Amino acid sequence: MQMGMVGLGRMGANMVRRLIKHGHECVVYDVSPQAAKDLAKEGAIATTSLDDFASKLNKPRVAFMMVPAGAVEETLAQLSSRFEKGDIIVDSGNSYYIDDIARANALKPKGIHYVDSGTSGGIFGLERGYCQMIGGEPGVVKHLDPLFKALAPGRQDGIVPRTPGREKVTGSTAEDGYLHCGPNGAGHFVKMVHNGMEYGIMAAYAEGMNIIRNANVGKQQASGSDAETTPLRNPERYQYDFNTTDIAEVWRRGSVISSWLLDLVAQALVEDPKLTKFAGKVSDSGEGRWTIDAAIDEGVPCNVLTAALYQRFTSRGADEYADKLLSAMRYEFGGHLEKK
């Protein structure tokens, strides 16, 4: 099947490579001409402009977008101005599902179909495949099935054991790693919550490993005490010098908290046990905020995911002013000085 890809960064380029590997014809475009030229060496059809891109696609055209969130609207506008009735545009990035609903409605009068496909897999997707959560019209999604199936991990028997009783479920592609979740916006809604959960799981690993890393605080307790800090009451209980690299590894082996994320933790600690390459300023790309917004609208509690998002704000120094004000209040009411 022929398709086009706009956006050839780490995700977009590897998605093209996986599709080519599965026998699909890929027409590619990127604002960096060299990115398209590089993929042409691997079998893609490079284009130099969106006009060229649109002209090389067979009708009805199929174009995937894998561009940064800030570039989606402009890219969509440019593509839709060159596309015709019956053509399909797929947003495989991390868009807000509410934007998907608006985009699909805006394209309907032109007869252009819009599909939102939340895509997870990162830089490992080329080999492992991409988990895809898809929203759009049933007939359009079915038409694109060969592409979604090629991008997906597949059953991976022996790697991912089959869920007991799953053999009784028919008519679903979930076991293959991709799923039509519902109408426009549904795919990115599910991916939004997926990423919000990701924040929480990552925070749990990070906080737990930090407790283990600091379990030797009893050895570091300074002699004497000061009025500004609650002393450690039982320093003898915190005399452990744990090897966090080994602990991450042993947890991978049969533990109930084993996961791919834990695999990545173990790998990171093998490569750099002290994590010297990182400053610890953790970005958030929006999905965590949107997940919490949805939880508020639905009236459901979201304590862990909210705390995980706020921790990312903290990591970037967003609490510096609040911390200074806390110190100022302590000084004003009690003359408490900050510890140097």
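Look up a bit, the structure's there.
Rules of the game
Residues numbered from 1 in each chain as written. Predicted model: local features only at pLDDT ≥ 70, side-chain atom pairs only at ≥ 80, totals over all residues. Heavy atoms only, no water. Phe/Tyr/Trp six-rings, centres within 6.5 Å; stacked < 30°, edge-to-face > 60°. Helix = DSSP H or I, 4+ residues; strand = E, 2+ residues; numbered from the N terminus. Buried < 20%, exposed > 50% of the residue type's maximum accessible area, 1.4 Å probe, protein only. Contact = heavy atoms within 4.5 Å. Polar contact = N/O pair within 3.5 Å; in protein donor to acceptor, adjacent residues only side chain to side chain. Salt bridge = Lys/Arg side-chain N within 4 Å of Asp/Glu carboxyl O. Pairing = 2+ DSSP bridges. Core = buried A, V, L, I, M, F, W, Y, C linked by side-chain atoms within 4.5 Å. Axes fitted to C-alpha atoms, helices over the stretch in contact; angles between N-to-C directions. Parallel < 35°, antiparallel > 145°, perpendicular 65-115°, else oblique. Left-handed = near helix turned anticlockwise from the far one by under 90°. Nonpolar A, V, L, I, M, F, W, Y, C, P; charged D, E, K, R; others polar. Disulfide = S-S within 2.5 Å.

**Q** Please clarify how the packing of aromatic side chains should be interpreted in this entry.
**A** To describe a pair of aromatic rings, one takes the distance between the centres and the angle between the planes. Inspection of the entire model under this criterion finds seven aromatic pairs. Note on F64 and F148: the rings are 6.0 Å apart at their centroids and 55 degrees apart in plane angle, and the pair reads as tilted. Of this pair, F64 sits in strand β4 (residues 62-65) while F148 sits in helix α8 (residues 145-151), and the two are 84 residues apart along the sequence. Exposure class is identical for F64 and F148. Each is buried. Ring centres of F124 and W260 lie 5.5 Å apart, and the angle between their planes is 80 degrees; on these two criteria the pair is classed as edge-to-face. Of this pair, F124 sits in the loop between β6 (113-120) and α6 (125-128) while W260 sits in helix α12 (residues 260-271), and the two are 136 residues apart along the sequence.

**Q** Is there a simple way to explain the environment of A63 in this structure?
**A** Considering the arrangement of structural elements, one finds A63 in strand β4. Look at A63 and you get buried, because its relative accessible area is 0%. C-alpha of A63 to C-alpha of V6: the two residues are 57 residues apart in sequence and 7.2 Å apart in space. Once residues within four sequence positions are removed from consideration, A63 is found in contact with G4, F53, L79, F83, I88, I89 and V90.

**Q** Would you mind going over the side chain of D87 with me for this structure?
**A** Considering the arrangement of structural elements, one finds D87 in the loop between α4 (72-80) and β5 (88-91). A polar contact of 2.7 Å, which involves the side chain of D87, links it to the side chain of R61. Of note is the side chain of D87, whose polar atom sits 2.7 Å from the backbone nitrogen of E84. If we ignore the near neighbours within four places in the chain, the residues touching D87 are P60, R61, G111, I112 and H113.

**Q** For this particular structure, what's the right way to read the pattern of salt bridges?
**A** Note on pairing: side chains with opposite charge can pair once their charged atoms come close. Using the criterion set out here, one finds 19 salt bridges in the structure. One salt bridge connects D91 with R103, and the closest N-O pair in it is separated by 3.4 Å. Pair noted here: D91 is in strand β5 and R103 is in helix α5 (residues 97-107), with a separation of 12 residues, a long-range link. On the basis of relative accessible area, D91 is assigned to the buried category, the value being 0%. Given a relative accessible area of 6%, R103 falls into the buried group. E249 is the partner of R253 in a salt bridge, and the nearest nitrogen-oxygen pair spans 2.5 Å.

**Q** So what exactly am I meant to see when it comes to the pairing of strand β7 (residues 131-135) here?
**A** On any regular strand, side chains alternate: one points to one face of the sheet, the next to the other face. Summarising burial for β7: four of the five residues are buried, a large majority. By the bridge criterion, five bridges tie β6 to β7 in an arrangement that is antiparallel. Bridging across to β7, S120 finds its partner in C131. Of the pairings in the sheet, the one linking β7 to strand β8 (residues 178-182) comprises four bridges and is parallel in character. Paired with I134 across the two strands is H180, which belongs to β8.

**Q** What exactly am I supposed to notice about the nonpolar core here?
**A** A general feature of soluble globular proteins is that nonpolar side chains tend to end up buried together. Core analysis: the largest hydrophobic core is formed by 31 residues, its most contacted members being M5, V28, F64 and L144. Looking at this core, the elements that each hand over two or more residues are β1 (2-6), α1 (10-21), β2 (25-29), α2 (33-40), β4, β5, α7 (138-143) and α8. Once you skip the residues sitting within four places of it in the chain, F64 turns out to touch M3, G4, M5, V6, M15, V90, S92, L147, F148 and L151.

**Q** In this structure, what is going on with the sheet that holds β6? I would like to understand it.
**A** Remark on secondary structure: sheet strands pair via backbone hydrogen bonds, oriented parallel or antiparallel. The eight strands are arranged β3-β2-β1-β4-β5-β6-β7-β8 in an open sheet whose pairing can be described as mixed. On the outer flanks of this sheet lie β3 (45-46) and β8, each paired with one strand and no other. Strand direction decides the pairing type here: β5 and β6, joined by four bridges, are parallel. Looking at the pairing, I88 lines up with H113 of β6. Its contacts with the sheet put α4 on β1, β4, β5 and β6, and the angle it makes with β4 is roughly 165 degrees.

**Q** Please clarify how the packing of helix α11 (residues 244-252) against α12 should be interpreted in this entry.
**A** For any two helices packed against each other, one specifies the inter-axial angle together with the distance between the axes. Relative orientation of the contacting elements α11 and α12 amounts to 150 degrees, with a least axis distance of 9 Å. By the angle between their axes, α11 is roughly antiparallel relative to α12. As α11 runs across α12, the sense of the crossing is left-handed. From α11, T244, T245, A248, E249, W251 and R252 reach across to α12, where they touch L262, D263, V265, A266, L269 and V270. In terms of residue class, the contact of α11 with α12 is made up of seven nonpolar, two polar and three charged.

**Q** Help me out: how do you make sense of the state of the cysteines in this one?
**A** Every disulfide links exactly two cysteines, by a covalent bond between their sulfur atoms. Counted by the stated rule, this structure contains zero disulfides. There is no disulfide at C302, and the cysteine sulfur nearest it, in C181, is 19 Å away. On the basis of relative accessible area, C302 is assigned to the buried category, the value being 14%.

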